[in-house]
Amino acid sequence: MDWENARYLLVEQQIRPWDVLDQKVLNRVLAVKREEFVPADKKELAFVDIELPLANGSQMLAPKMEAKLLQDIDPQITDKVLVVGAGTGYLMALAAGLVAHVYGVEIDAALVDVARANLATAGIINATVTQGDALAAAQKQGSFNAIIVTGSLAEVPASLKDQLAVGGRLIAVVGELPIMSATLFSCVEKGSFSENKLFEYNLPRLKNAVEKTAFAF
């Protein structure tokens, strides 16, 4: 396969039409070799517009969604970013070229090793992957200027939003089937957040995500 031509077509035919127009984000998609972050047996699917299944029930976001989430948190060169659900490390690699440091939390130990190896192979030095459940405990590297959640949530827990610095942004797909929405939360001041639904998109649940409690009357 002509990987560079495939990468160019990925940008022009999938990502730009999805209103990802920030040139610095597009440049990262062109610079990072996505085919080196997918499992070896799925390499031919590296540029297909699907959520790509990984081991142990995890998934890799569709390429357009990775680029869209990154664009919509408005990454800045001084930012400290947290990726919840690091997966194979690709989204971290995209972000690493645009921010000061990116931290990834991954619940699956095998994927932690994969992400670390992939990032090292790609020469990414400002990215750190740790194993854990980001919904269960605050990360010691916080506060963060931006947080990207790679699986859906019934609602974003306060414990996650509270890890944002003032002025920080968090993006996650929130809601219940059949309609979920990519939603941007901004920290106005400590403990106070604005909320903006950006677009509809359905994703499988983030591992260990808590469902909303059903009230009985």
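A few points on the structure. (Residues numbered from 1 in each chain as written. Predicted model: local features only at pLDDT ≥ 70, side-chain atom pairs only at ≥ 80, totals over all residues. Heavy atoms only, no water.)

The next subject is the sheet that holds strand S6 (residues 144-149). Spatial strand order, S5-S4-S3-S6-S7-S8-S9: seven strands in an open sheet with mixed pairing. This sheet does not close on itself; its edge strands, each paired only once, are strand S5 (127-131) and strand S9 (192-200). Here the average twist between neighbouring strands, direction ignored, is 20°. When strand S8 (residues 179-189) meets S9, the two strands line up antiparallel, connected through eight bridges. From the neighbouring strand, Glu-189 faces S9, where its bridge partner is Ser-192. Its contacts with the sheet place helix H3 (residues 63-72) against S6, strand S7 (164-176), S8 and S9, and it is angled at close to 145° to S9. Lying over the sheet, helix H5 (residues 109-121) contacts strand S4 (101-106) and S5, oriented at roughly 170° with respect to S5. (Pairing = 2+ DSSP bridges. Helix = DSSP H or I, 4+ residues; strand = E, 2+ residues; numbered from the N terminus. Axes fitted to C-alpha atoms, helices over the stretch in contact; angles between N-to-C directions. Contact = heavy atoms within 4.5 Å.)

Counting buried residues in H3 gives ten out of ten residues, a clear majority hidden from the surface. Taken together, the buried positions of H3 are occupied by Pro-63, Lys-64, Met-65, Glu-66, Ala-67, Lys-68, Leu-69, Leu-70, Gln-71 and Asp-72. Downstream of H3 by a residue or two, Asp-74 has a phi angle that is positive, lying close to 55°. (Buried < 20%, exposed > 50% of the residue type's maximum accessible area, 1.4 Å probe, protein only.)

For S7, the tally of buried residues reaches ten of 13 residues, placing the bulk of the element in the interior. Direction of pairing for S7 relative to S8: antiparallel, over a ladder of eight bridges. Each residue of the ladder has a partner; that of Ile-171, found in S8, is Leu-184. Counting the residues in the hairpin turn of S7 and S8 gives two residues.

What follows covers H5. The end-to-end C-alpha distance of H5 is 19 Å, a good match for the 18 Å that 13 residues give at a rise of 1.5 Å each. Buried residues of H5: Leu-111, Val-112, Ala-115, Asn-118 and Leu-119, and no others. All buried residues of H5 fall inside an arc of 135° around its axis, so they share one side. Summarising the geometry of H5, the exposed residues directed more than 90 degrees from the buried face are Asp-113, Ala-120 and Thr-121. (Expected span 1.5 Å × (residues − 1). Arc of directions from axis to C-beta.)

With that out of the way, let us pick up the packing of aromatic side chains. One pass over the structure, following the stated rule, counts five aromatic pairs. Taken together, a centroid distance of 5.7 Å and an interplanar angle of 65° make the contact between Phe-37 and Tyr-90 edge-to-face. Remark: Tyr-90 occurs in helix H4 (residues 90-96) and Phe-37 occurs in the loop between helix H2 (23-31) and strand S1 (52-53); sequence separation between them is 53 residues. Like Tyr-90, Phe-37 is buried. Seen in terms of ring centroids, Tyr-103 and Phe-144 are 6.1 Å apart; in terms of plane orientation they differ by 65°. Their pairing is edge-to-face. You can see Tyr-103 sitting in strand S4 and its partner Phe-144 sitting in strand S6, a full 41 residues away along the chain. Since its relative accessible area comes to 16%, Tyr-103 is described here as buried. (Phe/Tyr/Trp six-rings, centres within 6.5 Å; stacked < 30°, edge-to-face > 60°.)

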